[in-house]
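# A look at the structure
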Amino acid sequence: MNNHTIFRDFHILAFSAKEDNQLLLFVMFFFIYIIGVSGNFVMITLVFVDANLHTSMYLFLSNLSVVDIGFTTTILPKLLDILLTGNNTISILQCFTQLYFYLLFGSTEILLLSSMAYDRSVAICNPLNYHRIMTNKKCVLILGITWLSGCLNSLFYTCVAANIPLCLSNEIHHFYCDGKALTKIACSDKRFSFVLLAEALLFLLFPFLLILVSYTKIISSILQINSQESRRKSFSTCTSHITVLTIFYGSALCMYGRPPSENSERLDHVFAVLYTSVTPMLNPLIYSLRNKDVRSAIRKLIRVQNFGLS
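Residues numbered from 1 in each chain as written. Predicted model: local features only at pLDDT ≥ 70, side-chain atom pairs only at ≥ 80, totals over all residues. Heavy atoms only, no water.

To continue, consider empty space enclosed by the protein. Scanning the model with the defined rule gives two cavities of 30 Å³ or more in all. Considered as a void within the structure, the largest cavity measures approximately 60 Å³ in volume. Considering the residues around the largest cavity, the lining is formed by Met57, Phe60, Met116, Asp119, Arg120, Thr237, Ser240, His241 and Tyr287. Put simply, the parts of the chain that give the lining of the largest cavity at least two residues each are helix H2 (56–85), helix H3 (92–125) and helix H8 (228–256). Of the residues that constitute the lining of the largest cavity, the class distribution is four nonpolar, three polar and two charged. The calculated volume of the second largest cavity comes to roughly 40 Å³. Around the second largest cavity, the lining residues are His173, His174, Asp178, Lys180, Ala181, Lys184, Met255 and Asp268. Classifying every residue of the lining of the second largest cavity by side-chain character gives two nonpolar, two polar and four charged. (1 Å grid on protein atoms, 1.4 Å probe; cavity = no way out; pocket = protein on both sides within 12 Å on 5 of 7 lines; lining within 4 Å. Points joined across faces, edges and corners; volume = space filled by probe spheres on them. Helix = DSSP H or I, 4+ residues; strand = E, 2+ residues; numbered from the N terminus. Nonpolar A, V, L, I, M, F, W, Y, C, P; charged D, E, K, R; others polar.)

Here it is, written out as structure tokens:
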């Protein structure tokens, strides 16, 4: 591969302008990582052990937690090592391995969020037939397609990126190996630009349109409900998902859909922290705090543990 003949490794310039704050950044990202992994692990455990959560909605939610654990684990341990040791070198193989798993979990999360929007639209627009439409077999099929699409997409993208000649520099101005950061050190190659465009259409625009259609149907159905209390309850089942969508999609679109500017790299860091680190940490908190079924499952799990200790 062309880039292998030029560079043997890369240097990740992770927050290099903030050398005096390396320890503070390490502590901040360490707690983000621990809280995120712990919260998502608790969510997976609750869905697994509580029979009341064995529904399609929580099956999607448990898969979202798996994705969030993988997402943060792909990025943050290497960043923590850089902040703690100051060694920002990463081999080409490690870089593209990180890129592969970053794309795998990122694209899978986008597809999962759109699947969850479809699930909510069926539950609100067609509640009497919900369990007939969203069967376990159909949910497993949707999840299988989602994970397979994420795997194939990341494999294709990574293979293309690995064959793009990188000749301008071996310094990545980001805190992980990101496709957008790699384009800045690549020789002129129109193939990669085409891949980035196709990626944006398939894994940002189309899922967003599916989410938009789903929520258009949801809002239309809610407005037709006569009882204000029933409308409030129906909409409250979607607020957690809408919150997660806003944070994740908002930060991702701001990073990849924003035109270049003087502060482009600094803004990329901020938005990347939001959707790769903060969002996976907040997801289980958002769903547990606003969902009475999850809160009930947490109370039951705590009672069982206390009973076992007594």
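Counting 85 residues, the largest nonpolar core has Phe10, Phe29, Phe96 and Phe175 as the members making the most contacts within it. The dominant element in this core, judged by the number of residues it contributes, is H3, at 16 residues. Look past the residues within four positions of phenylalanine 29 in its chain and what remains in contact with it is Phe15, Leu76, Leu79, Leu80, Leu83, Val273 and Ser277. (Core = buried A, V, L, I, M, F, W, Y, C linked by side-chain atoms within 4.5 Å. Buried < 20%, exposed > 50% of the residue type's maximum accessible area, 1.4 Å probe, protein only. Contact = heavy atoms within 4.5 Å.)

Right, let's get into the pattern of salt bridges. Taken as a whole and judged by the stated rule, the model has two salt bridges. In this structure, aspartate 81 and lysine 78 form a salt bridge, with 3.9 Å as the shortest nitrogen-oxygen distance. Of this pair, aspartate 81 and lysine 78 are both found in helix H2, three residues apart, which corresponds to roughly one turn of the helix. Accessibility expressed as a relative area gives 32% for aspartate 81, which makes it partly exposed. Ionic pairing is found between arginine 120 and aspartate 119, a salt bridge with its closest N-O pair at 3.0 Å. Across this residue pair, the class does not change: arginine 120 and aspartate 119 are buried. (Salt bridge = Lys/Arg side-chain N within 4 Å of Asp/Glu carboxyl O.)

Given a rise of 1.5 Å per residue, 28 residues ought to cover 40 Å, and the 40 Å separating the end C-alpha atoms of helix H1 (residues 22–49) matches this to within 8%. Along H1, the residues classified as buried are Gln22, Leu25, Phe26, Phe29, Ile32, Tyr33, Gly36, Asn40, Met43, Leu46 and Val47. (Expected span 1.5 Å × (residues − 1).)

Let us look at the packing of H2 against H3. Where H2 meets H3, the closest approach of the two axes is 9 Å, and the angle between their N-to-C directions is 155 degrees. Of the possible angle classes, the one that applies to H2 and H3 is roughly antiparallel. Between H2 and H3 the crossing geometry is left-handed. Of the residues in the contact of H2 with H3, the class split is 13 nonpolar, eight polar and five charged. (Axes fitted to C-alpha atoms, helices over the stretch in contact; angles between N-to-C directions. Parallel < 35°, antiparallel > 145°, perpendicular 65-115°, else oblique. Left-handed = near helix turned anticlockwise from the far one by under 90°.)

Attention now moves to the layout of surface pockets. A water-sized probe rolled over the atoms picks out the places where empty space is left. By volume, the largest pocket is sized at about 690 Å³. Taken together, the elements giving at least two residues each to the lining of the largest pocket come down to H2, H3, helix H4 (130–133), H8 and helix H10 (292–309). Examining the composition of the lining of the largest pocket, we find that eight residues originate from one element, H8, more than from any other. Residue classes in the lining of the largest pocket are distributed as six nonpolar, 10 polar and seven charged. Approximately 520 Å³ is the volume attributed to the second largest pocket. Mapped by element, the contributors of at least two residues to the lining of the second largest pocket are H3, helix H6 (179–183), helix H7 (190–223) and H8.

Here we take up a nonpolar patch on the surface. Taken together, Leu197, Leu201, Leu202, Leu205, Phe206, Phe208, Leu209 and Leu212 make up a surface patch of nonpolar side chains, about 700 Å² in accessible area. Tracing the backbone shows leucine 201 in helix H7. Taking the relative accessible area as the measure of exposure, leucine 201 reaches 35% and is therefore partly exposed. (Patch = residues over 30% accessible without salt bridge, like charges linked within 9 Å, V, L, I, M, F, W, Y side chains within 5 Å. Areas by Shrake-Rupley, 256 points an atom, 1.4 Å probe, with all protein chains shown as cover.)

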